[in-house]
Amino acid sequence: MPSQLTSVTFHNGMKMPIVGLGTWQAKPEEIAIAIDAALEVGYRHIDTAYIYENEAEIGKTLKKWFDSGKLKREDMFIVTKLPPKGNHAGSVEKYLKRSLKALQLDYVDLYLIHAPVGFEDVGENLFPTDKNGDLATDPSTDHVAVWKAMEAQVDAGRARSIGLSNFNSRQIARIVKTARIRPANLQVELNVYFQQRELVAFCKALDITICAYAAIGSPGMNQWMKDRDWPASEMPDLLNDPVVCKIAKQHNKTSAQVLLRHCVQRDIVVIPKSVKPDRIKENFQVFDFELTAEEVEELNSLDRRQAGRMFKMTFPIQFTTHPEFPYREPY
């Protein structure tokens with residue numbers, strides 16, 4: 001029988017559904033259709049972020065479902081994230097309140113620091129620039145101070161759990177060392193080409209769960225870069241990898257389902273993004289089959305380690321020169 005693991009449990013006892021709907025790059029006019037389709041299929045976990053600029057549309061759709069009586073707030077697990085320009089102790093509450101207002105919620109189930117690199121909190125531009133037109137990063141980013149402000153959001157009831165995204169092991173350890181409320185979850189890029197085994201083991205030892213973004217690759221990454229006039233590069237095509245395709249055929253499943261199942265069998269949460277109802281339904285159908293030990297080993301062998309990373313954060317260059325740029329270290 002296939003494993004029926006449908007959630008992971010945080011150190012505080014909260015349960016996070018192991019398959020959620022990712023919403024990065026989902027345009028406002030697409031999001032209502034996507035959320036409706038996901039909720040109809042059975043998704044109860046929605047992942048968004050302040051910088052995705054679609055929280056208001058997500059909020060409208062959730063309110064419609066709550067008002068109809070089809071769902072209660074407690075049925076849902078909602079994740080959003082502090083933007084890099086909010087990486088200041090005095091800005092955390094401001095941005096969470098903005099997200100809650102847009103989402104029409106009193107609290108989120110999980111609030112993440114989106115990235116370890118902080119920007120200057122000036123103006124309304126998500127990527128503020130300095131007088132030279134360069135990204136205005138803040139080299140004095142203080143993770144410990146920001147984390148204390150995150151803890152205050154739990155105290156105030158605005159976030160049930162708090163966590164991190166795109167942090168490396170050294171940065172995580174620094175926060176854990178002084179934390180009153182420990183991180184419950186780490187969201188990072190993770191897939192068969194970039195399996196993050198050292199980081200996953202490190203977090204497991206600290207009782208920090210893992211959520212994978214780009215679990216099936218990130219076909220839309222190039223367009224996102226081009227939209228900002230940033231240099232794009234070819235993304236590896238996980239969905240057409242011969243090993244993945246072979247295993248998918250053996251199970252009469254899609255490549256995406258195999259890639260997602262590989263993560264799920266590692267107790268790793270996945271948040272595949274789609275705005276197509278049929279694809280959203282397909283991505284949720286990963287509980288009715290199980291990869292064999294041999295298939296898992298085949299997929300494990302596809303790991304390219306650091307060479308498999310797609311989201312390198314190397315542009316704009318100000319990312320890489322920031323003291324808290326996370327990818328100078330192996331994990």
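Residues numbered from 1 in each chain as written. Predicted model: local features only at pLDDT ≥ 70, side-chain atom pairs only at ≥ 80, totals over all residues. Heavy atoms only, no water.

## Observations concerning the overall build of the protein
A tally of regular secondary structure across the protein gives 12 helices and 10 strands. Its C-alpha atoms give the protein a radius of gyration of 19 Å, within 12% of the compact-globule value 20 Å for 331 residues. With respect to the three principal axes, the spread of C-alpha positions in the protein is 55 × 50 × 40 Å. Counting every position in the protein, which comprises 331 residues, the buried fraction comes to 56%. Taking as baseline every contact in the protein between residues at least 6 positions apart, the subset at least 24 positions apart corresponds to 74%. Of the roughly 14300 Å² that the protein leaves accessible, carbon and sulfur atoms contribute 52%. (Helix = DSSP H or I, 4+ residues; strand = E, 2+ residues; numbered from the N terminus. Rg over C-alpha atoms; globule rule 2.2 N^0.38 Å. Buried < 20%, exposed > 50% of the residue type's maximum accessible area, 1.4 Å probe, protein only. Contact = heavy atoms within 4.5 Å. Areas by Shrake-Rupley, 256 points an atom, 1.4 Å probe, with all protein chains shown as cover.)

## With respect to the sheet that holds strand 4 (residues 45-47)
Here 8 strands make up an open sheet; going across it, the order is 3-4-5-6-7-8-9-10 and the pairing parallel. Unpaired on one side and paired on the other, strand 3 (21-22) and strand 10 (269-270) mark the two borders of the sheet. Relative to strand 7 (residues 159-165), helix 4 (residues 143-155) is tilted by about 155°, and along the sheet it contacts strand 5 (77-82), strand 6 (108-113) and strand 7. (Pairing = 2+ DSSP bridges. Axes fitted to C-alpha atoms, helices over the stretch in contact; angles between N-to-C directions.)

## Here we look at a positive patch on the surface
A contiguous patch of positive charge, built from K27, K273, K276 and R279, is present on the exposed surface. In this fold, K273 is placed in the loop between strand 10 and helix 10 (277-284). (Patch = residues over 30% accessible without salt bridge, like charges linked within 9 Å, V, L, I, M, F, W, Y side chains within 5 Å. Salt bridge = Lys/Arg side-chain N within 4 Å of Asp/Glu carboxyl O. Lys, Arg positive; Asp, Glu negative; His and termini not counted. Charge placed at Lys NZ, Arg CZ, Asp CG, Glu CD.)

## So, the packing of helix 3 (residues 92-103) against helix 4
Two numbers describe how helix 3 lies on helix 4: the axes approach to 9 Å, and their chain directions differ by 45°. Taken together, the axes of helix 3 and helix 4 are oblique relative to one another. Note that helix 3 runs across helix 4; the crossing there is right-handed. Mapping the contact onto sequence places V92, E93 and L96 in helix 3 and V146, A149, M150 and Q153 in helix 4. The class makeup of the residues in the contact of helix 3 with helix 4 is 5 nonpolar, 1 polar and 1 charged. (Parallel < 35°, antiparallel > 145°, perpendicular 65-115°, else oblique. Left-handed = near helix turned anticlockwise from the far one by under 90°. Nonpolar A, V, L, I, M, F, W, Y, C, P; charged D, E, K, R; others polar.)

## Notes on the packing of aromatic side chains
Tallied over the full model, the rule gives 9 aromatic pairs. Within the aromatic cluster, the residues linked to one another by ring pairs are W24, Y213 and F311. In this structure, R261 packs its charged tip against the face of F289, placed 6.0 Å from the ring centre. Lying across the ring of Y327, R309 places its NZ or CZ 3.6 Å from the centre. (Phe/Tyr/Trp six-rings, centres within 6.5 Å; stacked < 30°, edge-to-face > 60°. Lys NZ or Arg CZ within 6 Å of the ring centre and 35° of its normal.)

## Let's talk about the pattern of salt bridges
Applying the stated criterion to the full structure yields 15 salt bridges. A salt bridge links D36 to K64, with the nearest nitrogen and oxygen atoms 2.9 Å apart. With D36 in helix 1 (residues 28-41) and K64 in helix 2 (residues 55-68), the pair connects residues that are 28 residues apart, well separated along the chain. Classification of K64 as partly exposed rests on a relative accessible area of 45%. Taking the shortest distance from any N to any O, the salt bridge between D155 and R180 comes out at 2.7 Å. With D155 in helix 4 and R180 in the loop between helix 5 (169-178) and strand 8 (185-189), this pair connects stretches of sequence that are 25 residues apart. On the accessibility criterion, R180 (53% relative accessible area) is exposed. Residues joined in a network through salt bridges with shared partners are E93, K97 and R158.

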